[in-house]
Amino acid sequence: MADSPIEARFRLDPTALAPSVDPAGLGFLDTRELEPLEGPIGQDRALEALDFGLRMRDSGFNVFASGPMGTGKWSIVMERVKALARERPAPRDWCYVHNVQDSSRPRCLCFPAGQGRAFKTAIASLIEMLKRELPLAFESSKYIEGRARLLEEFGARKKEEFRSVAELARSRGFGFEEEPIGFSLFPLKDGRPMTDEERAALTPEERAAFGAKLKEIESKIRELQSNAHAIDHEAERTLRDLDHAVVRQLMQPRLDSLRQQYSALPDVLDHLTQLASDVEQSYRDFVKREPQQVLPGIEMPGKQADLSRYQVNLVVEQPADGGAPVIDESHPTYANLIGKIERRSQFGVMWSELGDIKAGACAQANGGFLVLNAMEVLRQPFAWEALRRVIKTRELTIEDPSEFVGFTTSALRPQPMPVEVKVVLLGPPMLYHLLLTHDEEFHKIFKVKADFEPDVERSPEHDLEYARWVARLVRDEGLPHFEGAAVAALVRFGLRLAERNDRLSLRLNFLADVVREAAFWAREAGHERVAADDVESAIVRKRRRSGFPEQWVQDEIQEGTLMVDVSGAVVGQVNGLSVHLLGDTSFGRPSRITARTYVGTKGVVDIQREVELAGSIHSKGVMTLAGYLAGRFASTHPFALSATLSFEQAYSEIEGDSAACAELAAILSSLADVPIRQSLAITGSVNQLGEVQPIGGANEKVEGFFESCRRRGLTGDQGVILPRRNVRHLGLRQEVVEAVAAGRFHVYAVDRVEDALELLTGVPAGERQEGGGYPEGTLYARVAKRLEELAKIVMRETGKAGDAVRGEGKP
């Protein structure tokens with residue numbers, strides 16, 4: 001079929017349909033010759049921000065690494081963070097210990113890196129020594145003899161007090177004896193206790209004399225009791241001091257050694273002092289208790305009291321030569337992020353001990369770096385608020401989150417731990433802006449944004465970096481090396497991913513999967529090196545695995561269930577193009593768009609909008625094309641038009657304005673009664689001035705219509721019209737490029753809607769003349785004539801209606 005001048009003018013050369021990459025221009029035969037790339041490709045802006053944020057020590061300069069999925073944010077961040085962490089000294093170890101003054105609030109102690117375990121071991125050794133040696137010390141002959149001497153001494157003093165009272169009583173005619181429950185005082189006669197009859201025979205004078213003597217003796221007895229109690233208290237205190245001296249004698253050498261070792265840590269010294277005092281006061285807990293009889297003939301063996309309060313809970317331990325910690329918490333629940341207090345249960349009773357305090361990622365990263373996925377943090381209850389509180393207060397309080405909703409389950413409230421941690425959040429750009437908008441504290445605690453770009457400008461240097469990146473992946477994962485042509489094919493795929501033939505995609509995660517799959521197919525084929533065909537095979541097979549929805553749609557079109565014509569010409573009907581996004585796959589497909597025009601003043605009615613199946617951007621596009629029509633054809637008479645637009649067989653919401661050119665063409669075709677070629681499909685947005693604007697998904701749309709035509713047979717008359725500003729986005733599949741080169745399919749690029757209309761109808765659109773009209777025989781002349789006719793009909797009918805109204809009002 002001979003080309004028309006208009007087709008030749010706007011047809012794209014096959015070389016413009018997909019970028020070319022010359023393997024020879026890469027300068028190597030295979031990746032074996034290349035030095036593996038150790039750093040990232042591009043991302044200069046993000047790296048500058050990341051390095052600044054990581055090195056900035058002031059409060060609030062934490063980093064939010066923003067960028068689309070697959071750009072390697074996590075790998076780059078971890079590489080940079082680990083490199084910086086190796087330069088920094090190891091931070092402190094952190095322990096929780098028993099608080100003697102308030103057992104419910106364990107104390108927090110810090111030690112130089114690597115010394116926390118030594119302290120824990122030393123305290124455990126001290127306690128074990130006391131458990132072993134104290135019972136022996138209290139059973140030693142020296143201790144028993146000393147204790148016996150003290151008891152004998154205090155017993156003698158009590159006996160002397162008793163003897164003096166007894167002598168006084170005897171001198172006054174009374175007997176005085178000590179009994180198990182106190183003292184016994186009775187009158188004497190002839191050296192023996194007086195009988196009841198003898199007491200009754202006493203004269204009043206004798207009774208009065210006995211009463212006076214009795215008061216004197218009772219006063220002395222009260223003095224005896226007071227002195228006896230004082231002696232008992234003194235004996236108890238002296239024996240306790242003896243026991244404490246024994247405990248101190250055992251502890252002192254080790255405590256002195258620990259005090260000397262940790263002399264530079266005041267909090268540790270204070271804890272050692274409190275520990276020594278508590279052990280002295282509770283030394284009996286170290287002695288095995290006597291068996292207890294629970295039932296007649298049944299004894300419960302004695303055991304030592306619980307000494308777990310003396311243990312040291314080492315919650316954070318850092319190697320002395322390990323640099324700053326780098327913690328990547330993949331599951332940032334509240335407990336994993338902040339820490340938790342575990343609970344024990346026995347016989348329905350729950351409690352917590354010192355060793356049940358567990359540190360989370362914030363404590364483990366103290367003095368270093370904490371890397372988190374922002375979305376995962378926000379998904380977890382209480383996690384975001386807790387992280388924000390730690391950053392703001394620079395303190396970490398380990399508490400049970402159930403208390404936030406009114407349930408108290410733990411009696412422990414550990415002392416807050418001072419925290420200095422650099423937090424790096426990773427997330428999509430939209431999440432960053434949402435947090436910035438809705439969290440008033442966010443900008444104060446994440447002052448640095450590292451923006452990772454999805455692509456980079458293509459240059460020989462970046463092509464080579466692509467190849468060196470492949471060399472690194474090959475080296476790290478033991479894959480076969482890639483030929484230069486295979487790397488060239490991967491570069492072409494990177495251009496396709498970027499949807500620009502002048503920019504390379506930096507979504508390296510997706511590219512890495514293609515590299516791995518290409519290596520797999522190369523091995524399956526028995527190739528020593530990965531060839532270009534292996535890369536192409538990996539891309540094709542990957543598309544085929546997720547291509548069922550596309551195949552189903554194309555099958556429906558081929559069978560005629562979805563009505564799309566790829567030949568002939570129809571008035572008011574055009575092939576529009578749309579893109580379907582389904583999870584990990586996207587594909588284009590043609591859709592029939594129809595327009596009907598008739599007398600009226602309703603303007604352009606979008607049927608999708610009327611039934612709420614149109615998105616706001618699509619509705620904007622329809623209103624914009626209505627503005628273009630009014631500006632073009634309503635300069636001399638009212639714009640009297642009623643038109644309906646419909647995406648036929650569309651049963652879900654339609655969004656976007658890329659069908660505006662197609663919709664405009666359908667309306668103009670209906671007005672001018674000029675048929676539109678069904679062998680062409682068109683995509684493009686349009687503004688009120690008639691300029692065709694670029695759209696997204698250009699590759700998928702062209703390939704979708706090509707596939708529909710291929711299935712029905714390529715005639716050489718079929719093709720796609722797209723905005724010229726989208727040419728730089730083209731990276732079509734090889735089969736499409738080959739069909740275009742063979743003249744069996746065509747791709748046209750236009751700047752104005754008038755050019756597209758001429759391609760679609762074969763009729764020149766026409767340019768407005770000085771008088772406001774259009775040349776005869778042009779499309780716009782027919783449209784203007786039809787709109788003028790419609791306007792006259794409307795005005796005539798409006799005038800008749802007005803006369804009828806006025807007639808009804810006459811008397």
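About the cut-offs
Residues numbered from 1 in each chain as written. Predicted model: local features only at pLDDT ≥ 70, side-chain atom pairs only at ≥ 80, totals over all residues. Heavy atoms only, no water. Helix = DSSP H or I, 4+ residues; strand = E, 2+ residues; numbered from the N terminus. Rg over C-alpha atoms; globule rule 2.2 N^0.38 Å. Buried < 20%, exposed > 50% of the residue type's maximum accessible area, 1.4 Å probe, protein only. Contact = heavy atoms within 4.5 Å. Areas by Shrake-Rupley, 256 points an atom, 1.4 Å probe, with all protein chains shown as cover. Lys, Arg positive; Asp, Glu negative; His and termini not counted. Charge placed at Lys NZ, Arg CZ, Asp CG, Glu CD. 1 Å grid on protein atoms, 1.4 Å probe; cavity = no way out; pocket = protein on both sides within 12 Å on 5 of 7 lines; lining within 4 Å. Points joined across faces, edges and corners; volume = space filled by probe spheres on them. Nonpolar A, V, L, I, M, F, W, Y, C, P; charged D, E, K, R; others polar. Pairing = 2+ DSSP bridges. Axes fitted to C-alpha atoms, helices over the stretch in contact; angles between N-to-C directions. Expected span 1.5 Å × (residues − 1). Arc of directions from axis to C-beta. Salt bridge = Lys/Arg side-chain N within 4 Å of Asp/Glu carboxyl O. Polar contact = N/O pair within 3.5 Å; in protein donor to acceptor, adjacent residues only side chain to side chain. Parallel < 35°, antiparallel > 145°, perpendicular 65-115°, else oblique. Left-handed = near helix turned anticlockwise from the far one by under 90°. Phe/Tyr/Trp six-rings, centres within 6.5 Å; stacked < 30°, edge-to-face > 60°.

A. Spotlight on the overall build of the protein. Within the protein one finds 27 helices and 32 strands. Its C-alpha atoms give the protein a radius of gyration of 48 Å, clearly above 28 Å, the size a compact globule of 811 residues would have. By its C-alpha atoms, the protein is 165 × 100 × 55 Å across when sized along the principal axes. A total of 811 residues make up the protein; the buried ones form 47% of that total. For the protein, contacts bridging at least 24 residues in sequence account for 76% of all contacts bridging at least 6. Carbon together with sulfur atoms contributes 51% to the accessible area of the protein, which is approximately 40,800 Å² in total. Within the protein, one finds 103 positive and 121 negative side-chain charges whose respective centroids are separated by 2 Å.

B. Up close: empty space enclosed by the protein. Evaluated as defined, the whole model comprises 1 cavity of 30 Å³ or more. Space inside the largest cavity adds up to approximately 60 Å³. Along its surface, the largest cavity is lined by Val97, His98, Val100, His271, Gln274, Leu275, Asp278, Arg309, Tyr310, Gln311 and Val312. Considering every element that reaches the lining of the largest cavity, the biggest residue donor is helix α9 (residues 266-281), with 4 residues. Here the lining of the largest cavity is built from residues that sort into 5 nonpolar, 4 polar and 2 charged.

C. Molecular detail of the sheet that holds strand β10 (residues 326-329). Taken in spatial order, the 5 strands of this open sheet run β10-β15-β18-β1-β19, and their pairing is parallel. Strand pairing shows two members of the sheet lacking a second neighbour, β10 and β19 (448-451), which therefore form its edges. Averaged over neighbouring strand pairs, the angle between their axes works out to 20° when direction is ignored. Alignment of strand β15 (residues 369-373) against strand β18 (residues 422-427), held across 5 bridges, turns out to be parallel.

D. Representation of unusual backbone geometry. One non-glycine residue with positive phi stands out, namely phenylalanine 382, at about 70°. Within the element layout of this structure, phenylalanine 382 appears in the loop between α12 (374-379) and α13 (383-393). A residue is classified by how much of its surface remains accessible, and phenylalanine 382, at 33% relative accessible area, is partly exposed. Its identity as a non-glycine residue notwithstanding, glutamate 612 has a phi of 60°, on the positive side. With respect to the helices and strands, the residue glutamate 612 is situated in the loop between α21 (607-610) and α22 (616-633).

E. Representation of helix α3 (residues 44-55) in the model. For α3, with 12 residues, the first-to-last C-alpha span of 17 Å sits near the 16 Å given by 1.5 Å per residue. Among all positions in α3, only Ala46, Leu47, Ala49, Leu50, Gly53 and Leu54 are buried. Burial along α3 is one-sided: seen end-on, the buried residues are contained in an arc of 165°. Exposed residues pointing more than 90 degrees away from the buried face of α3 are listed as Asp44, Arg45 and Glu48.

F. The arrangement of the pattern of salt bridges in detail. Applying the stated criterion to the full structure yields 48 salt bridges. Lysine 131 serves as the salt-bridge partner of glutamate 128, at 3.3 Å between the closest nitrogen and oxygen. One end of the pair, glutamate 128, and the other, lysine 131, are both in helix α5 (residues 116-139), 3 residues apart, so they sit about a helical turn from each other. Here glutamate 128 falls in the partly exposed class, since its relative accessible area comes to 42%. The exposure class assigned to lysine 131 is partly exposed, which follows from its relative accessible area of 26%. Where arginine 503 meets aspartate 455, a salt bridge forms, and the shortest distance between an N and an O atom there is 2.6 Å.

G. Region of the structure containing the side chain of asparagine 726. Relative to the elements of secondary structure, asparagine 726 occurs in the loop between β31 (719-723) and α25 (734-741). For asparagine 726, a relative accessible area of 0% puts it in the buried group. Here histidine 729 takes part through its side chain, which lies 2.8 Å from a polar atom of the side chain of asparagine 726. Those residues in contact with asparagine 726 that lie beyond four places of it in its chain are Pro694, Ile695 and Ala698.

H. Focus on the packing of α22 against helix α23 (residues 660-672). Packing of α22 against α23 brings their axes to within 9 Å, and their N-to-C directions diverge by 45°. Compared by their axis directions, α22 and α23 come out oblique. Note that α22 runs across α23; the crossing there is right-handed. Counted together, His618, Gly621, Val622, Leu625, Tyr628, Leu629 and Phe633 of α22 and Ala660, Glu663, Leu664, Ile667 and Leu668 of α23 form the full contact between these two elements. Classifying every residue of the contact of α22 with α23 gives 9 nonpolar, 2 polar and 1 charged.

I. Quick peek at the pairing of strand β24 (residues 585-598). Burial analysis of β24 places 11 of its 14 residues in the buried class, the great majority of the element. Where strand β23 (residues 573-582) hands over to β24, the hairpin turn is made up of 2 residues, of which glycine 583 adopts a positive phi near 60°. Bridge count for β24 against strand β26 (residues 642-647) is 6 bridges, and the pairing is antiparallel. Its bridge partner being in β26, threonine 594 is matched across the sheet by serine 646.

J. Layout of the sheet that holds β23. Read from one edge of the open sheet, 7 strands run β25-β26-β24-β23-β28-β31-β32, paired in mixed fashion. Bordering the open sheet on either side are β25 (603-606) and β32 (746-750), each of which pairs with just one other strand. Averaged over all neighbouring strand pairs, the angle between strand axes comes to 30°, with direction disregarded. Pairing of β31 with β32, which is carried by 5 bridges, proceeds in the parallel orientation. In the strand pairing of β32, isoleucine 721 is matched with tyrosine 748. In this fold helix α20 (residues 548-559) packs onto β23 and β24, with an angle of close to 35° to the strand it touches most, β24.

K. Structural context of the layout of surface pockets. In this structure, the second largest pocket occupies an estimated 530 Å³ of space. Along the walls of the second largest pocket sit 26 residues, with Gly367, Arg394, Glu420, Val421 and Lys422 positioned nearest its centre. Of the residues in the lining of the second largest pocket, the class split is 13 nonpolar, 6 polar and 7 charged.

L. Up close: the packing of aromatic side chains. For the coordinates displayed, the defined rule picks out 19 aromatic pairs. With a centroid separation of 5.5 Å and an interplanar angle of 45°, the aromatic rings of phenylalanine 138 and tyrosine 283 are classed as tilted. Pair noted here: phenylalanine 138 is in helix α5 and tyrosine 283 is in the loop between α9 and β7 (292-295), with a separation of 145 residues, a long-range link. With relative accessibility at 13%, the residue phenylalanine 138 sits in the buried group.

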